[in-house]
Amino acid sequence: MEENHKMRKYLSTLTELYAAAVADLGPMDQGTYSDFEKRVQEVARQHGIQNPKMIIDIKFKANTASSFGVTEQPYPIIASEWNKFREDAKTMAEYMPKVHVVDGDKYTAPI
């Protein structure tokens, strides 16, 4: 039996995220995680994606960049982090992160 394992492309910049995204669902403060998850599933069906991944685009303010020097990052947001990220973004990010949909079988992002 032959197995076909494809390597997923690692999205490490916002430019890569934007190129890979099949949809930009807007700022994350425009709904709950559940609201966006429903929209992600709808987009996935429309694009024939079996394993959609919800990734936000974080661009940190200059004074809040990480200790590793990261100023921007695609981030695969999960339900348990949703509210904290929405609150932190108000003071730490250049703008409210937007929710993007990518094919999780093709792409992954840092956590």
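Student: Is there a simple way to explain the packing of aromatic side chains in this structure?
Tutor: Given two aromatic rings, one states the distance between the centres and the angle between the planes to describe the pair. In the structure shown here, the tally under the stated rule is 3 aromatic pairs. With centroids separated by 5.4 Å and ring planes inclined at 45°, the aromatic side chains of Phe-36 and Trp-82 adopt a geometry described as tilted. Here the residue Phe-36 occupies a position in helix 2 (residues 33-47), and Trp-82 occupies one in helix 3 (residues 82-92), the gap between them amounting to 46 residues. Classification of Phe-36 as buried rests on a relative accessible area of 1%. Of the residues examined, Trp-82 reaches a relative accessible area of 2% and is grouped as buried. By way of ring pairs, the aromatic residues Tyr-33, Phe-36 and Trp-82 are connected into one cluster.

Student: Looking at this structure, I do not really get the sheet that holds strand 5 (residues 98-103). What am I missing?
Tutor: Note: strands within a sheet are paired through backbone hydrogen bonds, in either parallel or antiparallel orientation. Ordered by their spatial adjacency, 4 strands build an open sheet running 2-5-3-4, and the pairing between neighbours is antiparallel. The open sheet terminates on both sides in strands that have one partner only, identified here as strand 2 (23-27) and strand 4 (72-76). Strand-to-strand twist across the sheet, computed as the mean angle between neighbouring axes with direction ignored, equals 30°.

Student: Please explain helix 2 as it appears in this structure.
Tutor: Working note: α-helix, 3.6 residues per turn, so residues spaced by three or four point in the same direction. Relative to the 21 Å expected for 15 residues at 1.5 Å per residue, helix 2 spans 21 Å between its end C-alpha atoms, a close match to the ideal helical length. Against the buried residues of helix 2 lie strand 2, strand 3 (52-59), helix 3 and strand 5. Backbone geometry just downstream of helix 2 places Gly-48 in the positive-phi region, at approximately 70°.

Student: Looking at this structure, I do not really get the pattern of salt bridges. What am I missing?
Tutor: Side chains that differ in charge, positive against negative, can pair when their charged atoms come close. Across all of its chains, the model carries 3 salt bridges by this definition. Of the charged contacts in the structure, one is a salt bridge between Asp-88 and Lys-84, with a shortest N-O distance of 2.9 Å. Of this pair, Asp-88 and Lys-84 both sit in helix 3, 4 residues apart, which is roughly one turn of that helix. Ionic pairing is found between Glu-87 and Lys-90, a salt bridge with its closest N-O pair at 2.9 Å. Placement of both Glu-87 and Lys-90 in helix 3 is noted, with a separation of 3 residues, approximately one turn of the helix.

Each value, and the rule that gives it
- Residues numbered from 1 in each chain as written.
- Predicted model: local features only at pLDDT ≥ 70, side-chain atom pairs only at ≥ 80, totals over all residues.
- Heavy atoms only, no water.
- Phe/Tyr/Trp six-rings, centres within 6.5 Å; stacked < 30°, edge-to-face > 60°.
- Helix = DSSP H or I, 4+ residues; strand = E, 2+ residues; numbered from the N terminus.
- Buried < 20%, exposed > 50% of the residue type's maximum accessible area, 1.4 Å probe, protein only.
- Pairing = 2+ DSSP bridges.
- Axes fitted to C-alpha atoms, helices over the stretch in contact; angles between N-to-C directions.
- Expected span 1.5 Å × (residues − 1).
- Contact = heavy atoms within 4.5 Å.
- Salt bridge = Lys/Arg side-chain N within 4 Å of Asp/Glu carboxyl O.

Remember, this is a structural readout, not a statement about activity or role.
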